[in-house]
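Residue-level structure breakdown
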Amino acid sequence: MASIQGTRRPKAIRGTRSRGVALHAVLVIGLLLSAFPFYWAVIMSTHTATEIFSYPPKLLPGSHFLQNVRSLFDNIDFFGSMLNSLLVASAVTFLVLFFDSLAAFVFAKFEFPGRRLLFTLLMIIFMVPTQLAIIPQFVMMANIGWIGSMTALIVPAAANAFGIFWMRQYMKSAIHDELLDASKIDGANFLRQYWHVALPVVRPGLAFLGIFTFMAQWNDYAWPLIALTNPDNVTLQVALSQLNGVHGTTDYGMVMTGALLALIPLLIVFAIGAKQIIGDLGKGAIR
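These notes cover the structure that comes with them. (Residues numbered from 1 in each chain as written. Predicted model: local features only at pLDDT ≥ 70, side-chain atom pairs only at ≥ 80, totals over all residues. Heavy atoms only, no water.)

Attention now moves to helix 5 (residues 115–127). Spanning 13 residues, helix 5 covers 19 Å between terminal C-alpha atoms, matching the ideal 18 Å at 1.5 Å per step. Buried residues of helix 5: R115, F119, L122 and M123, and no others. All buried residues of helix 5 fall inside an arc of 100 degrees around its axis, so they share one side. Away from its buried face by more than 90 degrees, helix 5 exposes L117, I125 and M127. (Helix = DSSP H or I, 4+ residues; strand = E, 2+ residues; numbered from the N terminus. Expected span 1.5 Å × (residues − 1). Buried < 20%, exposed > 50% of the residue type's maximum accessible area, 1.4 Å probe, protein only. Arc of directions from axis to C-beta.)

Here it is as structure tokens:
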């Protein structure tokens, strides 16, 4: 009996190792496939438009990156439009984190008349495509007099249904009712419960929402193209679209250089947010 069990164990160990090797191989292949578009963007940014369309394709970096960067800066106000995008994305992210988390805290932990009806309406708004709101939103911004200014980008995006839904679901499981009851006994009002009890617990959820919101605002193109009639206030995505030529004259090396440089702030925000998520989840696991 002991010999039979001894022969079964090595087989089980070998089977587990084989499954582990196969899983890691699949993950490595998936990683390479996911990273290839970024690598290809880097390669294209170092070549001229003629070299990009050459056959066989060039898979190694070229020597025209600095020339593409100079051409990019000569054609558009890259840093000015990047600053506009940073202002809009940062302001919207801050407002969304505040208003959405505040509304989600109320929906998740407080009873009030009409709560289910309001949340149902919120879900209906969440399912409506944002493109349907462009025309009435433009009319509203025009009546207020905000068309052409970055206020037209910031104020309408200050809160959204997805953020409220996400934070509500997160708060329902992360914030225990005992914590709120203890804070009430200590005399904490609503704002103190929100600031000192809710926010420290839901920081991973806020970090994800912040990354998602910043990236969405940074990459937004349709609404800034319509609302920003002032050339000095255009965002980076609108400015990069001006690099597209007509009749096949687009310098794709220059375009890919601009797209590559536009990724840098996103990578920084993602690194900061991901570190916050991993750090807070690790602390929670230790506790």
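This is not the end of the story, as more comes after the structure.
Once that is clear, we can look at the packing of aromatic side chains. All told, the structure shown has 22 aromatic pairs when counted by the stated rule. A centroid spacing of 5.6 Å and a plane angle of 85 degrees characterise the contact between F78 and F79, whose relative ring orientation is edge-to-face. Taking the relative accessible area as the measure of exposure, F78 reaches 3% and is therefore buried. A relative accessible area of 55% means that F79 is categorised as exposed. With 6.1 Å between their ring centres and 25 degrees between their planes, F126 and F165 make a pair best called stacked. Here the residue F126 occupies a position in helix 5, and F165 occupies one in helix 8 (residues 161–174), the gap between them amounting to 39 residues. Given a relative accessible area of 36%, F126 falls into the partly exposed group. Judged by its relative accessible area of 26%, F165 falls in the partly exposed class. (Phe/Tyr/Trp six-rings, centres within 6.5 Å; stacked < 30°, edge-to-face > 60°.)

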